[in-house]
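Given next are the chains, with one letter for each unit.
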Amino acid sequence: MQEKSATKISEKQIPSEDWFMSPSGIETRKNHIDCFLMAIHNIRKDIKILEKTLVEQLEDKKEKHNYKEIWQGFDKTYKNKKYVTVTKQNKQRVQLVWVKKRNYNIKKLKNKLTKLSKMLEVYINQTE
């Protein structure tokens, strides 16, 4: 594909397969496409894990009459700690600092996810 700037919408060209194999196409993929695709790939995996965990939390809430109090006790216990050490499923120990203000940080995450959802909607509309 020749590198030229389009002055009219009808002059825009969709890059060919060959262009993506050219040095210019490879550079564009490396700098603008691949990192985005990997970020989407990673977040999709993490969202699946979060969704499964939230379903489990909702099931726990149904079974335990003191579910809310357990979390309140957890928050009180770790209120003045710098971090909380947790064990991942692979037995690896990890220190989490955001847990100190758990509800505040989860609400912040929820707001970021809402913002991301809107940004993805714009992205989809611009690339279809």
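Please refer to the structure placed before this passage.
What you see is a predicted model; the values in this text were computed from it and never measured. (Residues numbered from 1 in each chain as written. Predicted model: local features only at pLDDT ≥ 70, side-chain atom pairs only at ≥ 80, totals over all residues. Heavy atoms only, no water.)

**Some words on the packing of aromatic side chains**
Two aromatic rings, taken as a pair, are described by how far apart their centres are and by the angle between their planes. One pass over the full model with this rule turns up four aromatic pairs. Relative to Tyr-123, the ring of Phe-36 has its centre 4.7 Å away and its plane inclined at 45 degrees; by these criteria the two rings are tilted. Of this pair, Phe-36 sits in helix α2 (residues 23–63) while Tyr-123 is found in helix α4 (residues 102–127), placing the two residues 87 residues apart along the sequence. Overall, the relative accessible area of 35% leaves Tyr-123 in the partly exposed class. Summarising the aromatic geometry, the rings of Phe-74 and Tyr-78 are spaced 4.8 Å apart at their centres and angled 45 degrees between planes, so their arrangement reads as tilted. The partly exposed category is assigned to Phe-74, whose relative accessible area is 25%. What links up through ring pairs into an aromatic cluster is the set Trp-71, Phe-74 and Tyr-78. (Phe/Tyr/Trp six-rings, centres within 6.5 Å; stacked < 30°, edge-to-face > 60°. Helix = DSSP H or I, 4+ residues; strand = E, 2+ residues; numbered from the N terminus. Buried < 20%, exposed > 50% of the residue type's maximum accessible area, 1.4 Å probe, protein only.)

**Considering a nonpolar patch on the surface**
A surface patch of nonpolar side chains, amounting to about 350 Å² of accessible area, comprises Leu-109, Leu-113, Leu-116 and Met-119. By the element assignment, Met-119 lies in helix α4. (Patch = residues over 30% accessible without salt bridge, like charges linked within 9 Å, V, L, I, M, F, W, Y side chains within 5 Å. Areas by Shrake-Rupley, 256 points an atom, 1.4 Å probe, with all protein chains shown as cover. Salt bridge = Lys/Arg side-chain N within 4 Å of Asp/Glu carboxyl O.)

**Describing the pattern of salt bridges**
Overall, the coordinates contain three salt bridges when judged by the stated rule. With its nearest N and O atoms 2.8 Å apart, the salt bridge here joins Asp-34 to Arg-29. On the basis of relative accessibility, which here comes to 36%, the residue Arg-29 falls in the partly exposed class. Arg-102 is the partner of Asp-75 in a salt bridge, and the nearest nitrogen-oxygen pair spans 2.6 Å. Linking Asp-75 in helix α3 (residues 67–77) with Arg-102 in helix α4, this pair joins segments that are 27 residues apart in sequence.

**Thoughts on the side chain of Arg-102**
A relative accessible area of 11% places Arg-102 in the buried class. Within the structure, Arg-102 has its side chain in polar contact with the side chain of Asp-75 (distance 2.6 Å). Aside from chain neighbours lying at most four places away, what touches Arg-102 is Trp-71, Phe-74 and Asp-75. (Polar contact = N/O pair within 3.5 Å; in protein donor to acceptor, adjacent residues only side chain to side chain. Contact = heavy atoms within 4.5 Å.)

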